[in-house]
Amino acid sequence: VQLQASGGGLVQAGGSLRLSCAASGGTVSTLGMGWFRQAPGKEREFVAGITRSGGSTVYADFVKGRFTISRENARNTVYLQMNSLKLEDTAVYYCAASRGIIYSSMGSVTAYPYWGQGTQVTVSS
């Protein structure tokens, strides 16, 4: 499975961005998908995840109510809609995939064998 993340950029605090993660070599409807981020000098952290069925999503507490993860099977793409962006959201955002992930593990970096290259999100004041 290959993942291509895109959609990052520079945005003012309070603004919005939508990240995309296009998959090839696998179909997103058969994959558990997640978004992670990594700021300079910090560890990679979980942001949001969506199960293979698409019926369940999970979010880190710091993005609840602001970010939404979704999936478009026809485009084999997963999205992360980010609203009300804050300075502390600045990071490189990565999408990840797993064929066999279970819901309780979706927040774990080690549960995902497939990773995209990352897209930079910079929030300015």
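Everything that follows concerns the structure shown earlier in this document.
Fair warning: this is a prediction, and the values are worked out from it, not measured in the lab. (Residues numbered from 1 in each chain as written. Predicted model: local features only at pLDDT ≥ 70, side-chain atom pairs only at ≥ 80, totals over all residues. Heavy atoms only, no water.)

(A) Summary view of the sheet that holds strand E7 (residues 67–72). With antiparallel pairing, four strands are arranged side by side in an open sheet as E1-E3-E8-E7. Looking at strand neighbours, the two that pair on one side only are strand E1 (2–6) and E7, the edges of this open sheet. Strand after strand, the sheet turns through a mean of 15 degrees between neighbouring axes, direction not considered. Both E7 and strand E8 (residues 77–82) contribute to a ladder of six bridges, which runs antiparallel. Along E8, the bridge assignment pairs threonine 68 with glutamine 81. (Pairing = 2+ DSSP bridges. Helix = DSSP H or I, 4+ residues; strand = E, 2+ residues; numbered from the N terminus. Axes fitted to C-alpha atoms, helices over the stretch in contact; angles between N-to-C directions.)

(B) Summary view of the pattern of salt bridges. The final tally for this structure, using the stated rule, is five salt bridges. Glutamate 45 is the partner of arginine 37 in a salt bridge, and the nearest nitrogen-oxygen pair spans 2.8 Å. The partner of arginine 37 in a salt bridge is aspartate 89, and the shortest N-O contact between them spans 2.8 Å. Of the two residues, arginine 37 sits in strand E4 (residues 32–38) while aspartate 89 sits in the loop between E8 and strand E9 (91–98), which places them 52 residues apart along the sequence. Side by side, arginine 37 and aspartate 89 carry an identical accessibility label, which is buried. A network of salt bridges, in which partner residues are shared, links Arg37, Glu45, Arg66 and Asp89. (Salt bridge = Lys/Arg side-chain N within 4 Å of Asp/Glu carboxyl O. Buried < 20%, exposed > 50% of the residue type's maximum accessible area, 1.4 Å probe, protein only.)

(C) View of the packing of aromatic side chains. Here the structure, examined in full by the defined rule, presents four aromatic pairs. A centroid spacing of 5.5 Å and a plane angle of 70 degrees characterise the contact between phenylalanine 36 and phenylalanine 46, whose relative ring orientation is edge-to-face. On the criterion of sequence distance, the pair formed by phenylalanine 36 in strand E4 and phenylalanine 46 in strand E5 (residues 45–50) is long-range, its members being 10 residues apart. Summarising the burial analysis for this pair, phenylalanine 36 and phenylalanine 46 share the class buried. With centroids separated by 5.0 Å and ring planes inclined at 55 degrees, the aromatic side chains of phenylalanine 36 and tryptophan 115 adopt a geometry described as tilted. Note that phenylalanine 36 is positioned in strand E4 and tryptophan 115 in strand E10 (residues 114–115), a separation of 79 residues in sequence. With a relative accessible area of 0%, phenylalanine 36 lands in the buried category. Aromatic ring contacts, followed pair by pair, group Phe36, Phe46, Tyr112 and Trp115 into a single cluster. When the ring centre of tyrosine 79 is taken as origin, the NZ or CZ atom of arginine 18, which lies over that ring, is 4.1 Å away. Residue placement shows arginine 44 over the ring face of tryptophan 115; its charged tip is 4.9 Å from the ring centre. (Phe/Tyr/Trp six-rings, centres within 6.5 Å; stacked < 30°, edge-to-face > 60°. Lys NZ or Arg CZ within 6 Å of the ring centre and 35° of its normal.)

(D) Fine view of the nonpolar core. Met33, Trp35, Leu80, Met82 and Tyr93 are the most contacted members of the largest nonpolar core, which has 38 residues in total. Elements that contribute at least two residues to this core include exactly E1, strand E3 (17–24), E4, E5, E7, E8, E9 and strand E11 (119–124). Element by element, the count of residues in this core is highest for E9, at five residues. (Core = buried A, V, L, I, M, F, W, Y, C linked by side-chain atoms within 4.5 Å.)

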